[in-house]
Amino acid sequence: MPLIRFYVQEGRTPEATRTLLDAAHEVVVDVFGVPQRDRYQIVTEHKPDQMILEDTGLGFERDPSEQILVQVFTSPRSQEAKLAFFDKLAAKLQDVCGLDPKDLMISIFENTQADWSFGFGRAQYVTGELG
Amino acid sequence: MPLIRFYVQEGRTPEATRTLLDAAHEVVVDVFGVPQRDRYQIVTEHKPDQMILEDTGLGFERDPSEQILVQVFTSPRSQEAKLAFFDKLAAKLQDVCGLDPKDLMISIFENTQADWSFGFGRAQYVTGELG
Amino acid sequence: MPLIRFYVQEGRTPEATRTLLDAAHEVVVDVFGVPQRDRYQIVTEHKPDQMILEDTGLGFERDPSEQILVQVFTSPRSQEAKLAFFDKLAAKLQDVCGLDPKDLMISIFENTQADWSFGFGRAQYVTGELG
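The name given to chain A in an unreviewed UniProt entry is Putative 4-oxalocrotonate tautomerase, with the source organism recorded as Donghicola eburneus.

Structure, rendered in structure tokens:
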């Protein structure tokens, strides 16, 4: 893990989606220091009126056709790593996908390493296969 | 935040969805005391056989074509606020959308304020832009 | 609860989906000791390029057309119960659905009993209706 959920507007090309996922995964590997194949990503597409992301009064308007919500499910990460993830993901997606940083919202939810089974019905962080 | 996920049956009109989201957001602002533009909502539609909500033996049957699951992702809220949210959301959706209160299921998941980046790759509750 | 999210590849028959959900629910009732009608399941279907599940370097390749991610949202469960859930779910889905255990990934996220309203705007574990 992390397992990352990407909520995007409908209408992206498969190529644009792949570019987004590849770019995000580079940041995950870089910032969280996980193995290259520690990649778990799910994308869903949404109609504009089914995805409302405002700004809590911060003073900007997102582009409804471009905005992306990234929800990260992971075992605990340090605050330093989280802040670096926010910062580097915004920079990377701007650089690679042309995403305006105002259009990127990110939220992290934590569980523990023992809450994950990567296959075979085993909890690989408990068995010692990972760790 | 909160970020709210609405799981509904397929076939709603855009107008009915908008009414649902507006009504729910009124309750969020009222109960959690957040700014008017602290609005983050995503709706997905599901086929009847892809969304099963029973009753843990409480003794009622939901209407599969009307039932709604509301999943709330948020920084910590007091138990008093959570109970008020459950109560007022059920009342509001009954009043505005005609939703039978038995058809509304709600679940809350908490993280911390530092787990949110609302844009620009910054954690606005850490930087002090929000708080 | 638990509330269980199943992420599967598009193209399953309704019958195959029902078999999957029934089998998973049997394991939930068995391992977590919940009532028979404590059943809350949502399935979504995804295109192959919108659901990437690798292996953290454990040394296997999933079948993209068969792989399933099961995300469990629940009040706290013991580690013993979680490990049993992983193990028995993999065995059951292999037995009933023919799912290769390498193609099953599971992740658990916990909240508290007070975070759930099963209907009527009430928190049934707080009111004492459940518990």
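Picking up where we left off.
Participant: Describe the packing of helix H1 (residues 14–32) of chain C against helix H2 (residues 79–97) of chain C, naming the residues involved and giving the relevant values.
Facilitator: Residues and elements named next belong to chain C. As a packed pair, H1 and H2 sit with axes 9 Å apart at the nearest point and diverge in direction by 150°. In terms of axis orientation, H1 runs roughly antiparallel to H2. Crossing of H1 against H2: the hand is right-handed. Residues Thr-19, Leu-20, Ala-23, Ala-24, Glu-26, Val-27, Val-28, Asp-30, Val-31 and Phe-32 of H1 pack against Ala-81, Ala-84, Phe-85, Lys-88, Leu-89, Lys-92, Leu-93, Val-96 and Cys-97 of H2.

Participant: An account of the interface of chain C and chain A is requested, with residue identities and associated values reported.
Facilitator: Listed as interface residues are 32 residues of chain C and, on the opposing side, 36 residues of chain A. Counting the surface lost from both chain C and chain A, the interface buries some 2900 Å², and carbon and sulfur atoms represent 59% of this. Area buried by chain C at its contact with chain A is led by Gln50(C), Ile52(C) and Thr56(C), which between them contribute 24% of it. At the junction of chain C with chain A, the criterion picks out three salt bridges. The residue Asp115(A) makes a salt bridge to Lys82(C) at a minimum N-O spacing of 2.6 Å. Here chain C and chain A share 19 residue pairs in polar contact (both at pLDDT 80 or more) between them. At the level of elements, strand S3 (51–53), strand S4 (68–74), H2 and strand S5 (104–110) of chain C are the ones that each hand at least two residues to the side of chain C that touches chain A. Residues belonging to the side of chain C that touches chain A are distributed by class as follows: 17 nonpolar, seven polar and eight charged. Pairing geometry for strand S2 (residues 40–46) of chain A and S3(C), over three bridges, is antiparallel. When the sheet's bridge partners are listed, Gln41(A) is paired in S3(C) with Ile52(C).

Rules of the game
- Residues numbered from 1 in each chain as written.
- Chains lettered and ligands numbered in written order.
- Predicted model: local features only at pLDDT ≥ 70, side-chain atom pairs only at ≥ 80, totals over all residues.
- Heavy atoms only, no water.
- Axes fitted to C-alpha atoms, helices over the stretch in contact; angles between N-to-C directions.
- Helix = DSSP H or I, 4+ residues; strand = E, 2+ residues; numbered from the N terminus.
- Parallel < 35°, antiparallel > 145°, perpendicular 65-115°, else oblique.
- Left-handed = near helix turned anticlockwise from the far one by under 90°.
- Contact = heavy atoms within 4.5 Å.
- Buried area = accessible area lost by both parts, 1.4 Å probe.
- Salt bridge = Lys/Arg side-chain N within 4 Å of Asp/Glu carboxyl O.
- Polar contact = N/O pair within 3.5 Å; in protein donor to acceptor, adjacent residues only side chain to side chain.
- Nonpolar A, V, L, I, M, F, W, Y, C, P; charged D, E, K, R; others polar.
- Pairing = 2+ DSSP bridges.

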